[in-house]
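An overview of the molecular structure
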Amino acid sequence: MSAEEEPTGSPMAGGCVLVVLGGVAFAVVFKASPAVGVLAVWVLGAAAVWWAARRRKGTDQPLPSPTVPPSRGDVFAVETGEVARVVEGPGGITIVYPEIEHVTVPND
């Protein structure tokens, strides 16, 4: 069998092996002491939440700068300062919808 014909493993195989090994480890811990097993679940859950929160850091997209003009050909809405409609909501809440105008930045 040549190198091109060798079968390759599944990309999920490593994950499945880790899940099985983790399950066996938890089974051993729970067999030794149910209280320690519950504590281990809480500790690993807290570690997973901490890891996910740290991993998410830095993935936010920055807001567009209000001083940079929009790109050519972009369409955006501008409030005209006039009231389009007023709606009385439940509990005495009044919602005011402004009149908007769609503006296209010219392609110079």
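For the structure given in this document, a descriptive report is provided here. (Residues numbered from 1 in each chain as written. Predicted model: local features only at pLDDT ≥ 70, side-chain atom pairs only at ≥ 80, totals over all residues. Heavy atoms only, no water.)

What about the overall build of the protein?
Assigned secondary structure in the protein consists of two helices and two strands. Listing each helix as α and each strand as β along the protein from the N terminus yields α-α-β-β. Scored against the burial criterion, the 108 residues of the protein give a buried share of 3%. Residue pairs in contact within the protein that sit at least 24 positions apart in sequence constitute 36% of those at least 6 positions apart. (Helix = DSSP H or I, 4+ residues; strand = E, 2+ residues; numbered from the N terminus. Buried < 20%, exposed > 50% of the residue type's maximum accessible area, 1.4 Å probe, protein only. Contact = heavy atoms within 4.5 Å.)

Details of the pairing of strand β2 (residues 94-104)
In this structure, strand β1 (residues 75-88) lies alongside β2, joined through ten bridges in antiparallel fashion. Across the sheet, the residue bridging to Phe76 is Val103, located in β2. Taken together, β1 and the strand that follows it, β2, pair antiparallel across an intervening segment of five residues, in which Gly91 is found at a positive phi of about 75 degrees. (Pairing = 2+ DSSP bridges.)

Topic: the packing of aromatic side chains
A complete count under the given rule lists one aromatic pair for this structure. With centroids separated by 6.4 Å and ring planes inclined at 40 degrees, the aromatic side chains of Phe26 and Phe30 adopt a geometry described as tilted. With a gap of four residues between them, Phe26 and Phe30 both fall in helix α1 (residues 13-32), about one helical turn apart. Taking NZ or CZ as reference, Arg85 lies 4.1 Å from the ring centre of Tyr97, over its face. (Phe/Tyr/Trp six-rings, centres within 6.5 Å; stacked < 30°, edge-to-face > 60°. Lys NZ or Arg CZ within 6 Å of the ring centre and 35° of its normal.)

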